[in-house]
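Residues per chain, in single letters:
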Amino acid sequence: MAKNLLIVESPAKAKTIEGYLGKDFLVKSSYGHIRDLVKTDDAIDTANNFEQKYEVPADKKAVVSELKKLAKSAETVWLASDEDREGEAISWHLYETLNLKESSTKRIVFHEITKPAILKAIEQPRKIDFNLVNAQQARRVLDRLVGFELSPVLWKKVKPSLSAGRVQSVAVRLLVDREREINKFEPEAAFRVVAIFFTEENKKELFKAELSKRFATINEAEKFLNDCIPASYHVKSLETKPSKRNPAAPFTTSTLQQEASRKLGFSVARTMTVAQRLYESGKITYMRTDSVNLSDTALQAAEQEIRSAYGDKYHKRRQYKTKSAGAQEAHEAIRPTYFNQHTIEGDHSEKRLYELIWKRAIASQMSEAEFEKTTAKINISTRNEEFTASGEVMKFDGFLKVYFESTDEESEVNLEESDDNALLPPLRNGQQLGLKEMTATERFSRPPARYTEASLVKKLEELGIGRPSTYAPTISTIQNRGYVVKEDREGKQREYNVLTLGHGKVNTTKKTEITGAEKSKLFPTDIGILVNDFLVEHFKDIVDFNFTATVEKEFDEIANGLKEWTAMLHNFYGPFHKEVTDTIENADRASSERILGTDPQTGKQVSVRIGRFGPLVQIGSADDEEKPVFASLRSGQMIETITLEEALELFKLPKKVGKYEDKEMTVAIGRFGPYIRHNNAFYSLPKGIDPMDVNETQAIEIIELKRKKDIEKVIKTFDENPEARIEQGRWGPFIRFGKQNIKIPKDKDVDKITYNDILQLAESDKSNTGTKKKVPAKGKSKTAKKK
DNA sequence: CAGTGAGCGAGCTTCCGCTTGACTT
């Protein structure tokens, strides 16, 4: 038996450390927290100094009993969980649960998993810091009280099974607020003037310059262009300035999620699972961190790699400081374990994420990129405004050799508008310029951007809300609760004017652009808005953006021994609990109903609200003699924004359009867009056809076309049974057998499949799915009933 | 992808943070 048992939080970490410490040490993992509050309402005794009831959850029983056994036979137990609030509490829970003795227990901490750091830690053991433990208890108890008192209020006043919490409710609020800003935003148009010039010396080398002023109306823009017809242009001033750009700090969890989203299109959850695999296979350091710090060992390794791969002048040693509030910095920044591995073996997403991490970490230790920026001001002989042309020349690439950090704005900006780094021809002061062409283009101001998963994480981090380990789960929770959906939305067409001055005259043309199209953005749902408004009305303090920051300050005071944790909770809980009981007693049920107006055909009231099956429009009210009629809202339509006209439109479908093969054809709009229903089959309408105008002949055409296409997909049929065939699917050929779709096994040649093979495959496929359904997902019914 | 939109009411839902698998598709 080993003399020493050392316990860390993560098994991968345990493996690494065991290698550093040799035979006298057995290194094991607690797999995070080993105890939690019981799930019942009596977990906290609010009348008795917030005394807590803890239990070891079922999935931790095995870990705990193994650790217990090992602790018993060890001379010394080293508690080496992370050095932050949660880590300290884990040590304390271990101490209590494993029945450890003070004399044979040592608490150690380190911020990086390197041999010198571990050895040094072992030389400096300490005791469990109960101030820190108390700060964690205060955090844990407060979160439980908030979550388990607010949620039942929602069950009573809104709908069962809803949830509220310190973190998730603020996340939803951010989205609701932003959605409203976007809805009320009114774009302002302005005419942006761009001229294309050339010099007498070289008429072929054209360059762009932008007018320093934009015009609010088309008349002003037109007058300007007309004034420019007889004008001459010359360089009024010329300025050349050096500029520098510095690399970004190495990744934290939040910045990794943002870059992986922008550059690789990963959801935050996907980023974390891929990173977890990289961590477990020893390729990167820990991926849940808020620290931008690199260990000395890492700094040296990076330096060596940069000097040998790119040369001495590309290296610059840099230390970064964290900017985010409430960072606990128990770990290093996310970095490759070995800097000399530029790429790794693994699947596609592992490779790409690793390269991103490698590049970012390496670049963070490289020299700045140097530029020379030239700005020329250009005079107009007939007007007082002036044009500005600018060009940028890179003098030294520095860190840009490996890494370029993207920004959220970047994807928003029109490419035509970002020609900042274009090259300028050689120019001199006073030089005459020729004008090739000038355009005044109508541009509209943009509403604030909708959040993506990653930009929401960024915002939460800025507000100090949530932790690296909870960003991805929080984003999932608000989607699973139905408060938020992630989806694409089609934009709308918009006309804009372009005035062109060329060949001595001004032309006006109208062009169209798509605006407001969204890809993979977060939208609050009707229920999300309803719950948010209810919470904002009745629990203003809890969903305040500064609530977390305020309580965090108090947790810090507890951690520093300046405040008593139960006193802090008393202060909070008294008024909070009173608000809860007041709300239960006095507040009205939250109503989503909005009256849109009256139906011109029947004179009855038109209203929208959330029904049992989602948002609906209702014509007439329950008090009327005639029963009210209903229609569901379509995806993208919301109670808050739908108009009377749009609501009435919903009653025009489904519509019968005629008969084909003696069966009725019906046009309707479903979840995947407009479709024709015929003989229990669905035929989606091609894009651009308005479902309201479809007539009988058109509908028949669409059905016949789809059938023809379906026939083209068939690769092979079988005489034995017309129900069996091989078809070309989206991902390759597959077998269709009645209603069964069967995958073709890899070892089978598509051409040689016989009807007998199909019968066999169909049978085993059936038994497969059969047993799958019979085995219930144990303990995780939540994920199963997601739909 | 249709249709649904009543009412009664037992028993259930729910938080945030720290960790991985063991399950699906």
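Residues numbered from 1 in each chain as written. Chains lettered and ligands numbered in written order. Predicted model: local features only at pLDDT ≥ 70, side-chain atom pairs only at ≥ 80, totals over all residues. Heavy atoms only, no water.

Right, let's get into the protein's contact with DNA strand B. As a matter of local geometry, DNA strand B sits amid 53 residues, with Ser10, His33, Ser161, Gln168 and Tyr286 nearest to it. Measuring from a phosphate oxygen of DNA strand B, one finds a side-chain N or O atom of arginine 288 at 2.7 Å. Between tyrosine 675 and DNA strand B, the recorded distance is 3.0 Å, taken from a side-chain N or O atom to a sugar or linking oxygen. The greatest single-element share of the surface near DNA strand B, amounting to nine residues, is contributed by helix H5 (residues 130-157). Each residue belonging to the surface near DNA strand B can be placed in one class, and the counts come to 17 nonpolar, 17 polar and 19 charged. (Near = heavy atom within 4 Å. Polar contact = N/O pair within 3.5 Å; in protein donor to acceptor, adjacent residues only side chain to side chain. Helix = DSSP H or I, 4+ residues; strand = E, 2+ residues; numbered from the N terminus. Nonpolar A, V, L, I, M, F, W, Y, C, P; charged D, E, K, R; others polar.)

It is worth spelling out the pattern of salt bridges at this point. Throughout the structure, instances matching the rule amount to 50 salt bridges. Between glutamate 259 and lysine 263 there is a salt bridge, and its shortest N-O distance comes to 3.5 Å. With glutamate 259 and lysine 263 both in helix H8 (residues 253-264), this residue pair falls four residues apart, about one helical turn. Its relative accessible area of 32% is what places lysine 263 among the partly exposed residues. (Salt bridge = Lys/Arg side-chain N within 4 Å of Asp/Glu carboxyl O. Buried < 20%, exposed > 50% of the residue type's maximum accessible area, 1.4 Å probe, protein only.)

Relative to the helices and strands, valine 608 resides in strand S20 (residues 605-611). Valine 608 sits in the buried class, given a relative accessible area of 0%. Separated by 15 residues in sequence, valine 608 and glutamate 593 place their C-alpha atoms 5.6 Å apart. Sequence-distant contacts of valine 608, that is, excluding residues within four places in its chain, are made with Ser592, Glu593, Arg594, Leu596, Leu616, Val617, Leu633, Ile639 and Ile642. (Contact = heavy atoms within 4.5 Å.)

This part covers the sheet that holds strand S21 (residues 614-619). The four strands are arranged S19-S20-S21-S22 in an open sheet whose pairing can be described as antiparallel. What marks the edges here is a single partner per strand, and that holds for strand S19 (594-598) and strand S22 (629-632). Neighbour-to-neighbour, the strand axes of this sheet turn through a mean angle of 25°, independent of strand direction. Bridge count for S21 against S22 is four bridges, and the pairing is antiparallel. Paired with leucine 616 across the bridge in S22 is serine 632. (Pairing = 2+ DSSP bridges. Axes fitted to C-alpha atoms, helices over the stretch in contact; angles between N-to-C directions.)

Right, let's talk about the UniProt feature "domain: Toprim" (unreviewed entry) in chain A for a bit. Per the UniProt record, the feature "domain: Toprim" (unreviewed entry) sits at residues 3-113. Helix makes up 33% of residues 3-113 and strand 23%, with an end-to-end C-alpha separation of 22 Å. (UniProt positions renumbered as here; feature names shortened; annotations may be inferred.)

For chain A, the assigned domains are domain 1 (4-128), domain 2 (253-367), domain 3 (594-651), domain 4 (653-712) and domain 5 (714-782). Each of domain 1 and domain 4 has a C-alpha centre, and these two points are 64 Å apart. (Domains from an automatic or database assignment.)

Under the defined criterion, the tally for this structure stands at 15 aromatic pairs. A centroid spacing of 5.1 Å and a plane angle of 20° characterise the contact between phenylalanine 572 and phenylalanine 576, whose relative ring orientation is stacked. Of the two residues, phenylalanine 572 and phenylalanine 576 both sit in helix H17 (residues 565-586), four residues apart, roughly one turn of that helix. Judged by relative accessible area, which is 12%, phenylalanine 572 ranks as buried. Overall, the relative accessible area of 2% leaves phenylalanine 576 in the buried class. Each member of the aromatic cluster is reached from another via a ring pair, and the members are Phe197, Phe207, Phe215, Phe224, Tyr233 and Phe387. The cationic tip of lysine 263 hangs over the ring face of tyrosine 403; the distance from NZ or CZ to the ring centre is 4.0 Å. It is arginine 489 that lies over the ring of phenylalanine 523; its NZ or CZ is 3.8 Å from the centre. (Phe/Tyr/Trp six-rings, centres within 6.5 Å; stacked < 30°, edge-to-face > 60°. Lys NZ or Arg CZ within 6 Å of the ring centre and 35° of its normal.)

Looking now at the pairing of strand S30 (residues 740-743). Burial along S30 is one-sided: the face carrying Gln740 and Ile742 is buried and the face carrying Asn741 and Lys743 is not. Here four bridges tie strand S29 (residues 732-737) to S30, and the two strands are oriented antiparallel to one another. Bridge pairing in S30 links phenylalanine 737 to glutamine 740.

On the UniProt side, "site: Interaction with DNA" (unreviewed entry) is annotated at positions that read His33, Arg139, Arg140, Asp143, Trp155, Arg288 and Arg481 here. With the annotated positions falling across 449 residues, the maximum pairwise C-alpha distance of 33.6 Å shows that they are not confined to a single cluster. Examined against the element boundaries, histidine 33 turns out to sit in the loop between strand S2 (25-29) and strand S3 (36-37). Residue class for histidine 33 comes out partly exposed when judged on its relative accessible area of 28%. If sequence neighbours within four positions are ignored, histidine 33 has contacts with Lys60, Glu86, Ala89, Ile90, His93 and Gln136. Structurally, arginine 288 can be placed in the loop between helix H9 (268-280) and helix H10 (296-310). Excluding its chain neighbours within four sequence positions, the residues that come into contact with arginine 288 are Thr253, Met272, Gln276, His331, Pro468 and Ser469. In terms of polar contacts, arginine 288 uses its side chain to reach the side chain of tyrosine 286, at 3.1 Å.

Attention now moves to helix H4 (residues 115-123). Residues spaced three or four apart along an α-helix point in a common direction, a consequence of the helix completing one turn every 3.6 residues. Here H4 has its buried residues at Ala117, Ile118, Ala121 and Ile122. An end-on view of H4 places all buried positions within 135° of arc, on one side of the element. Turned more than 90 degrees off the buried face of H4, the exposed positions are Pro116, Lys120 and Glu123. Buried positions along H4 lie against strand S1 (4-8), helix H1 (11-21), S2 and strand S7 (76-79). (Arc of directions from axis to C-beta.)

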